[in-house]
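Working through the structure, step by step
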Amino acid sequence: MRGLLVFGRTGQLATELMSLAPDATFLGRDMADLNDPEGCARAIRDAAPCAVINAAAHTAVDRAEAERDAAHRINTEAPAAMARACAASGLPFLHVSTDYVFDGSGRTPRSEDAPTAPLGVYGATKLAGERAIADAGGQWAVMRTSWVFSAHGTNFVKTMLRLGAERDRLTIVDDQIGGPTPARDIAAAALAMIRAMLDDPAKGGLYHFAGAPDTSWAGFAREIFAQAGLTPEVSGIPTAEYPTPARRPLNSRLDCTRIGTDFGIPRPDWRKGLAEILKDLETGQ
Ligand SMILES: NC(=O)c1ccc[n+]([C@@H]2O[C@H](COP(=O)([O-])OP(=O)(O)OC[C@H]3O[C@@H](n4cnc5c(N)ncnc54)[C@H](OP(=O)(O)O)[C@@H]3O)[C@@H](O)[C@H]2O)c1
């Protein structure tokens, strides 16, 4: 997609955007550091694009607890500066956020209008970013997604493939429930949304997008092992038995009705995305 500017080049989402939209311009950390929000705004003005997607973020959920200032600059101030620069130039801006804006209470899927209450610094800084983007006054879309995986970078699938080959038995959290989401499907959805926003300046807003069906991390692991032909025994454990610096929401179910209604984008079946990724990894793509 010529004229599209993307912040991020090496992350899971940026890599998939690059394969689907090779004509777009991708700015890595060396060309646009999100620690410098005004530099990001300048990069937009200099590139004079037709639309902007932010695929970069401080995604290290546990490290963010100790890196509050950096997480705030990268997840709040930088997207805010991007959104203001886009608003000033009349460009559609699409940003990606997270299920971690919620506290994870209850057992039902949350809609975009459900009350937010992040449990940690990562979720709080992402939520503040969402709000600043909405306040910037331009045409914007924020897509909240969850449990992102791909053939690239570090993610749960890659970790399970390694551990499943090394160990006979694994204990995995089974009381956090959410939708694993292939980065490739997020990239395809983001591009469809930005095209629709270019066609219709009234389009935009806050959207949920996650893979289906909802499962636990243990359920996700069992499917990875089944598809990869690995046979470790998986025992489910509660989150309380796997302490981490940042608390995670137990209920990460996202109601994705709105993105279907407004953009015609359905929830993807993550098991199909997983099969494609395993094939990519096998053939070294
Ligand atoms: N991963 C998940 O499970 C998950 C879940 C829900 C929502 N999300 C959201 O989905 C979006 C995409 O996530 P992802 O999984 O693709 O993340 P990722 O693989 O961790 O990639 C993050 C990207 O951000 C870049 N970045 C970090 N700090 C930067 C800085 N100071 N300046 C410039 N670039 C910087 C990284 O660049 P380097 O490679 O140079 O570090 C990397 O390319 C993010 O908005 C994330 O919050 C992710």
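Bear in mind that the values here come from a model prediction, so they are computed numbers and not experimental data.

Regarding unusual backbone geometry
- Going from Ala 212 to Pro 213, the amide bond is cis rather than trans, its omega being 0°.
- By the secondary structure assignment, Pro 213 is in the loop between β10 (205-208) and β11 (215-216).
- Here the phi dihedral of Ala 48 falls at roughly 45°; this positive angle occurs in a residue that is not glycine.
- In this structure, Ala 48 sits in the loop between α2 (37-47) and β3 (51-54).
- Positive phi outside glycine occurs at Trp 147, with the angle close to 45°.
- Structurally, Trp 147 can be placed in the loop between β5 (140-145) and β6 (148-149).

Details of helix α6 (residues 156-166)
- Regarding α6, the residues found buried are Phe 156, Val 157, Met 160, Leu 163 and Gly 164. Down the axis of α6, the sector holding all buried residues measures 135°, keeping them to one side. The exposed residues of α6 that point more than 90 degrees off its buried face are Ala 165 and Glu 166.
- Looking at the buried side of α6, the elements it contacts are β6, β7 (169-173), α8 (217-228) and α10 (270-282).

Some words on the packing of aromatic side chains
- Enumeration over the complete set of coordinates arrives at eight aromatic pairs.
- Grouping aromatic residues by their ring pairs yields a cluster made of Trp 147, Phe 149, Phe 156, Trp 217, Phe 220 and Trp 270.
- Directly above the aromatic system of Phe 263 lies the positively charged group of Lys 203, at a separation of 4.9 Å from the ring centroid.

A look at the site of the ligand
- Around the ligand, a shell composed of 23 residues is seen, among which Thr 10, Arg 29, Thr 59, Tyr 122 and Lys 126 lie nearest.
- Here an oxygen atom of the ligand sits 2.9 Å away from a polar atom, N or O, in the main chain of Leu 13.
- In this structure, Val 148 approaches the ligand through a main-chain N or O atom, which is 3.0 Å from an oxygen atom.
- For the ligand, whose accessible area on its own is 900 Å², the fraction buried by protein is 81%.
- Listed by contribution, the elements that provide at least two residues to the shell around the ligand are α1 (12-20), β4 (93-98) and α5 (121-135).
- Looking at the shell around the ligand residue by residue, the class counts come to eleven nonpolar, nine polar and three charged.

Definitions and limits used
- Throughout, a residue's number is its position along its own chain's written sequence, starting from 1.
- Reporting of local features is limited, given that this is a predicted model, to residues whose pLDDT is at least 70; pairs of side-chain atoms are given and counted only at 80 or more, and all residues count toward the totals for whole chains, interfaces and linings.
- Processing note: side-chain calculations cover all non-hydrogen atoms of the structure and skip hydrogens and water entirely.
- A run of H or I in DSSP becomes a helix once it reaches four residues, and a run of E becomes a strand once it reaches two; helices and strands are each numbered from the N terminus.
- Accessibility here uses a 1.4 Å probe with only protein chains present; expressed as a share of the type maximum, an area under 20% marks a residue as buried, one over 50% as exposed, and anything in between as partly exposed.
- Within this analysis, the arc is defined by the directions that extend from the helix axis to the C-beta atoms.
- Contacts: residue pairs with any heavy atoms within 4.5 Å of one another.
- Any two rings among Phe, Tyr and Trp, with Trp reduced to its six-membered ring, count as a pair given centres within 6.5 Å; such a pair is stacked if its planes are under 30 degrees apart, edge-to-face if over 60, and tilted if neither.
- The rule for a charge over a ring is simple: NZ of Lys or CZ of Arg within 6 Å of the ring centre, and within 35 degrees of the ring normal.
- It suffices for a single heavy atom of a residue to lie within 4 Å of a molecule or strand for the residue to be listed as near it.
- Pairs of N or O atoms within 3.5 Å make up the polar contacts considered here, provided that, within protein, one atom can donate a hydrogen while the other can accept it, and that residues adjacent in sequence are counted only when both atoms are side-chain atoms.
- Throughout, the Shrake-Rupley method with a 1.4 Å probe supplies accessible areas, and for residues the shown protein chains are the sole cover considered.
- In this classification, the charged set is Asp, Glu, Lys and Arg, the nonpolar set is Ala, Val, Leu, Ile, Met, Phe, Trp, Tyr, Cys and Pro, and all remaining amino acids, among them Gly, are polar.

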